Amino acid sequence: MSFSTFMNQLFHAEDRVCLQMGDPENPQLSKDGDIILGGIFSFHSSWINRRDTYMHKPLPLQCISLNFRGFQYAQAMLFAIDEINNSSDLLPGITLGCKIYDSCGSIARGVRASLALINSQETIFKLSDKCTKPAQVQAIMGESSSSPNMAVATVIGPFHIPLISHFATCACLSDKNKYPSFLRTIPSDHYQSRALAQLVKYFGWTWVGAIRTNDDYGNNGMATFIETAEELGICVEYSVAVFRTDPPKKIQQIIDIIKGSTSRVIVGFLSHLDIDALIIELSQHNLTGYQWVGSESWIFDSHTAAMDPLNSSIEELFREFWEALFDCKFEDSVSTTTENQRECSGHEDLAGVKNTFTDMSLMPIFYNIYKEVYAVAHALHDILSCNNTCNKTILQHIKKIRFKTKEGDEVYFNENGDPPAKYEIINWQPTENGNVEFVPVGLYDASLPADRQLTLTNRTLVWAQNSEQVPVSVCSEKCPPGTRKVLQKGKPVCCYDCLRCADGEISNSTDSISCVRCHSEFWSNERRDACIKKKEEFLSYEEMMGALLTAASLLGTCLTAVVMFIFFRYRRTPIVRANNSELSFLLLFSLTLCFLCSLTFIGRPSGWSCMLRHTAFGITFVLCISCVLGKTMVVLMAFRATLPGSNVMKWFGPAQQRLSVLGFTLIQVFICLLWLTISPPFPFKNIKDFKDRIILECALGSAVGFWAVLGYIGLLAMLCFFLAFLARKLPDNFNEAKFITFSMLIFCAVWVTFIPAYVSSPGKFSVAVEIFAILSSGFGLLICIFIPKCYIILLKPERNTKRNLMGKEGPTH
């Protein structure tokens, strides 16, 4: 049956529906039947007190402000009753009737109506003789709001008469200890509040305002929303309560709070009447650009979307409705007739009416009423089918029923009297003609796992101010990767500062609450959002310092080779022969090894290079110092041999010289072998000295071994220096002891300086210091001992004579 067909039948079939046009204490709609169902709806949204002008006595309340929504609810109930009565399958041979009261938006009137329904003591104003059979109702189709339902459910609970609501969503009504006879065909706010919180979280709104109706519906629903929002990391900047009868001063306070807020999203847990009053005030203050997230109470309300509330003070319900619907006046209407307003005939056709009255956007709510009437019918059918063997009340039967509607939807109630929790997500989208279209864009199903409860379709969402971008409503902007959140003192958790991660720490996600330290071999990049492998640092041939030291090493090797060639070329000259040519050539060979061993310190450390560099350095330097020591001892022994009766040279001849060099060197070889056997040097990644890079170096293994090698070299050097110092004034025209003394002085100075420099130098610079000490020592010995001789050999050959060396010839002019 279409809407227009049903409405025309409703207004013209007086034998089926009785229209109460008198005292509002009596039912506004009644229909005869074998079984009577009760209904309590608000056909008006408010009322006024009246007093007798002459007797000064209070009269019954006068309902004002026509609420067409309530009339549509009643229409849906009548439609379902009519369909059941015409059915041959459900309650065959039984007709359903109804008595529907106007609660006028008053809890007190709702309670009085419920008492009248269960006691059947009201006086019926009849328009037909067929409306004369009062009977106790079997069930009551409840009010739309939660607070009136709580009051009515408390009153009728002891009578076990079912109260079924289509629109009361307060989670408190699920308490069967308080409200044992209450059921509903709309899900509890226990789920809706969580669905709203998940929807807000889905779009990244972490900073929202909250406005609620100041009643059980709004207060309980908003409390659950705030609790869930906090669990999801959403902060509520403000939470205020409003009621449509609040004084202007309180409304202004709410307006000021909204003006002073920074959140751009408002969650409204409001009844449609309360949000109508609030939106009017907001529009007058030009408060636009907010994203509203609404509860089921007003999200489908076309009056709210159109901003076109209907006000009326006409007492007669259907005259009021008819006149407002067709913009006409009945001849005997008590309301003021405007100029050129046509007269109502009572036969106007509803099929052509297209306005807010005939808007069917509330069809899901009408469907809830349709389902609750059918639930009662199925329970009655079960009772009548058990042939008086049933001991259960109708309330118990309703709690157990399970059936499917013609549309295929399954209807049942859980242990709390609630239906399955499923919600459509609706987006208001403006149309070209200026109206607002309610577009389903998603679904929330509480029966699914938590990560799949909320789903949005691909249909375009229309945002505030027709923007194609999702609105932003946050207290603080998201912290990008590379930073962490630090809460602002005294503010909610959604208000924070973004601090850059420290060196060596990263955060690779948005809004990270902490930074993670990189692995010891990794370091944070410049953006602090990724760990990158630390740069491995060692003294390489490619870098400038390594290249210079390599060049110096090769230069020293070449110079030593040149000197060796010169000495070999002039090996028979007196100056070469007089200075123990065999030790000289061995010294030059050991200097060559010293210069070359410095190359083992350059390049990536490996196991072999680490063991080779220190042992080669230690042995070659001992060989070198042993040769110098031998030469020094030869000088001293030669001088002693010139004394009368001395035969000391036979005890320190060439063989003894070779054995002394070999013996001193073998001691160092033994120390090195012992070091390598017990705890040899090994390649090591130093991650402590520098945070952002790894120093590849050779760990000493045994520090005792290292310092034993250096100590032995130093001991030989000090001995050599001491003997050379003693021989510095020997009568010789070319006293080599002087040059040895000077070379040993340089050698000792270099290595004494090396120790603190080596210990304090970081990373590869310690290796460079060691190479520099080796090269400096080598060049010192080469220059001080051999360059003066090469000078005489090449540039002063006249001085390269035996007599000149012995001091028996004067200088040549």
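Residues numbered from 1 in each chain as written. Predicted model: local features only at pLDDT ≥ 70, side-chain atom pairs only at ≥ 80, totals over all residues. Heavy atoms only, no water.

Novice: Hey, could you run me through the packing of aromatic side chains in this one?
Specialist: Two aromatic rings, taken as a pair, are described by how far apart their centres are and by the angle between their planes. Within this structure, the stated rule accounts for 18 aromatic pairs. Residues Tyr-217 and Phe-269 carry aromatic rings whose centres are separated by 5.2 Å and whose planes lie at 45 degrees to one another, so their mutual orientation is tilted. Here Phe-269 lies in strand β12 (residues 265-269) and Tyr-217 lies in helix α6 (residues 216-231), a separation of 52 residues in the sequence. Residues Trp-428 and Phe-438 carry aromatic rings whose centres are separated by 5.7 Å and whose planes lie at 35 degrees to one another, so their mutual orientation is tilted. Here Phe-438 lies in strand β17 (residues 436-445) and Trp-428 lies in strand β16 (residues 422-430), a separation of ten residues in the sequence. These aromatic residues form a ring-pair network of at least three members: Phe-41, Tyr-73, Phe-167 and Phe-366. Lying across the ring of Tyr-290, Arg-264 places its NZ or CZ 4.2 Å from the centre. (Phe/Tyr/Trp six-rings, centres within 6.5 Å; stacked < 30°, edge-to-face > 60°. Helix = DSSP H or I, 4+ residues; strand = E, 2+ residues; numbered from the N terminus. Lys NZ or Arg CZ within 6 Å of the ring centre and 35° of its normal.)

Novice: What is the right way to read the sheet that holds strand β25 (residues 535-537) from this model?
Specialist: The strands that make up a sheet are held in pairs by hydrogen bonds between backbone atoms, and each pair lies either parallel or antiparallel. Sheet architecture is open: three strands sit in the order β25-β27-β26, paired in mixed fashion. The open sheet is flanked by β25 and β26 (682-686), the only strands paired with a single partner. Sheet twist, expressed as the mean angle between neighbouring strand axes with direction ignored, is 30 degrees. (Pairing = 2+ DSSP bridges. Axes fitted to C-alpha atoms, helices over the stretch in contact; angles between N-to-C directions.)

Novice: Got a minute to help me understand the UniProt feature "transmembrane region" (unreviewed entry) in the protein in this structure?
Specialist: Sequence positions flagged by UniProt for "transmembrane region" (unreviewed entry) are, in local numbering, residues 544-570, 582-603, 615-639, 659-678, 706-727, 739-759 and 771-794. Segment residues 544-570 splits into 96% helix and 0% strand. End C-alpha atoms: 38 Å apart. Between the first and last C-alpha atoms of residues 659-678 the distance is 28 Å; the span itself is 100% helix and 0% strand. (UniProt positions renumbered as here; feature names shortened; annotations may be inferred.)

Novice: What's the story with the pattern of salt bridges in this structure? I'm lost.
Specialist: In this structure the tally under the stated criterion is 19 salt bridges. A salt bridge links Asp-418 to Arg-184; the nearest nitrogen and oxygen atoms lie 2.7 Å apart. Of this pair, Asp-418 sits in the loop between β15 (410-412) and β16 while Arg-184 sits in strand β9 (residues 182-184), placing them 234 residues apart in sequence. The exposure classification of Asp-418 matches that of Arg-184, with both residues buried. For Lys-250, the salt bridge is made with Asp-246, and the minimal N-O distance between the two is 3.9 Å. (Salt bridge = Lys/Arg side-chain N within 4 Å of Asp/Glu carboxyl O. Buried < 20%, exposed > 50% of the residue type's maximum accessible area, 1.4 Å probe, protein only.)

Novice: Explain the sheet that holds strand β18 (residues 454-456) to me, please; I cannot follow it from the model alone.
Specialist: Taken together, the three strands give an open sheet; going across it, the order is β16-β17-β18, and neighbouring strands pair in antiparallel fashion. Looking at strand neighbours, the two that pair on one side only are β16 and β18, the edges of this open sheet. Recorded for the sheet is a direction-independent mean angle of 35 degrees between the axes of neighbouring strands. Pairing of β17 with β18 involves three bridges; the strand directions are antiparallel. Within the sheet, the bridge partner assigned to Leu-443 lies in β18 and is Thr-455. Contacts from helix α5 (residues 189-202) reach β16, β17 and β18, with the element oriented near 50 degrees to β18. (Contact = heavy atoms within 4.5 Å.)

Novice: It is not clear to me how unusual backbone geometry should be interpreted in this structure. Could you clarify?
Specialist: In terms of backbone geometry, most residues other than glycine have negative phi values and most peptide bonds are trans. Although it is not a glycine, Cys-104 sits at a positive phi angle of roughly 60 degrees. Secondary-structure assignment places Cys-104 in the loop between β6 (96-102) and α3 (107-119). In this structure, His-160 takes a positive phi of about 60 degrees despite not being glycine. Structurally, the position occupied by His-160 is in the loop between α4 (146-156) and β8 (163-165).

Novice: I'm lost on the environment of Ile-40 in this one. Help?
Specialist: By the element assignment, Ile-40 lies in strand β3 (residues 35-41). A residue is classified by how much of its surface remains accessible, and Ile-40, at 1% relative accessible area, is buried. Taking the C-alpha atoms as reference, Ile-40 lies 7.1 Å from Ala-113; in sequence the two are 73 residues apart.

Novice: Looking at this structure, I do not really get the state of the cysteines. What am I missing?
Specialist: By definition, a disulfide links two cysteine residues through a covalent bond between their sulfur atoms. According to the stated counting rule, one finds seven disulfides in the structure shown. In this model, Cys-235 is linked to Cys-494 through a disulfide, with the two sulfur atoms separated by 2.1 Å. Here the disulfide of Cys-235 and Cys-494 is right-handed, its torsion about the S-S bond being about 90 degrees. Taken together, the residues Cys-235 in strand β11 (residues 235-242) and Cys-494 in the loop between β19 (483-487) and β20 (496-500) connect sequence positions 259 residues apart. Accessibility classification places Cys-235 together with Cys-494 in one group, the buried group. The disulfide bridge from Cys-518 ends at Cys-531, spanning 1.9 Å between sulfur atoms. Between Cys-518 and Cys-531, the disulfide has an S-S torsion of -90 degrees and is therefore left-handed. Of this pair, Cys-518 sits in the loop between β22 (516-517) and β23 (522-524) while Cys-531 sits in strand β24 (residues 531-533), and the two are 13 residues apart along the sequence. (Disulfide = S-S within 2.5 Å.)

Novice: What exactly am I supposed to notice about helix α14 (residues 544-569) here?
Specialist: For an α-helix the count is 3.6 residues per turn, leaving residues at separations of three or four pointing the same way. The end-to-end C-alpha distance of α14 is 37 Å, a good match for the 38 Å that 26 residues give at a rise of 1.5 Å each. By the burial criterion, the buried members of α14 are Gly-546, Leu-549, Thr-550, Ser-553, Gly-556, Thr-557, Thr-560, Val-563, Ile-566 and Phe-567. Next to the buried residues of α14 lie α15 (574-578), α16 (581-597) and α21 (764-795). (Expected span 1.5 Å × (residues − 1).)

Novice: Would you explain the side chain of Asp-189 in this entry?
Specialist: Looking at the secondary structure, you find Asp-189 in helix α5. Among buried charged residues, Asp-189 stands out as having no salt bridge; its nearest opposite-charge side chain is Arg-184, 6.4 Å away. Side-chain polar atoms of Asp-189 contact the side chain of Gln-192, separated by 2.5 Å. In contact with Asp-189, other than residues within four places in its own chain, are Thr-169, Cys-170, Ala-171, Tyr-217, Gly-221, Thr-224, Phe-269 and Glu-296. (Lys, Arg positive; Asp, Glu negative; His and termini not counted. Polar contact = N/O pair within 3.5 Å; in protein donor to acceptor, adjacent residues only side chain to side chain.)

Novice: Where do I start with the side chain of Glu-296 in this structure?
Specialist: If you trace the backbone, Glu-296 turns up in helix α9 (residues 296-299). Within the buried set, Glu-296 has no salt-bridge partner at all; the shortest N-O distance to an opposite charge, 7.7 Å, is to Arg-69. Excluding anything up to four places from it in sequence, Glu-296 contacts Phe-167, Thr-169, Ile-186, Asp-189, Gln-192 and Tyr-217.

Novice: Help me understand the pairing of strand β27 (residues 693-699), please; the structure alone is not making it clear to me.
Specialist: Taken residue by residue, a regular strand's side chains alternate between the two faces of the sheet. Taking burial as the measure, the seven residues of β27 include six buried ones, the bulk of the element. Here three bridges tie β25 to β27, and the two strands are oriented parallel to one another. Each residue of the ladder has a partner; that of Glu-536, found in β27, is Ile-694. Inspection of the sheet shows β26 paired to β27 by five bridges, in the antiparallel sense.

Novice: Before we go on, may I ask you to explain the packing of α3 against α4 in this structure?
Specialist: Where α3 meets α4, the axes come as close as 9 Å, and the angle between the chain directions of the two elements is 35 degrees. The element α3 and its partner α4 pack so that their crossing is right-handed. Here α3 contributes Ile-107, Gly-110, Val-111, Ser-114, Leu-115 and Ile-118 to the contact with α4, which in turn contributes Ser-147, Pro-148, Ala-151, Val-152, Val-155 and Ile-156. Residue classes in the contact of α3 with α4 are distributed as nine nonpolar, three polar and no charged. (Left-handed = near helix turned anticlockwise from the far one by under 90°. Nonpolar A, V, L, I, M, F, W, Y, C, P; charged D, E, K, R; others polar.)

Novice: Would you mind going over the environment of Asn-427 with me for this structure?
Specialist: Its location among the elements puts Asn-427 in strand β16. Through-space distance from the C-alpha of Asn-427 to that of Val-293 is 9.4 Å; in sequence the pair is 134 residues apart. There is a polar contact of 3.2 Å between the side chain of Asn-427 and the side chain of Gln-429.

Novice: Help me understand the pairing of strand β13 (residues 291-294), please; the structure alone is not making it clear to me.
Specialist: Alignment of β12 against β13, held across four bridges, turns out to be parallel. Note that in β13 the partner of Val-265 across the bridge is Gln-291.

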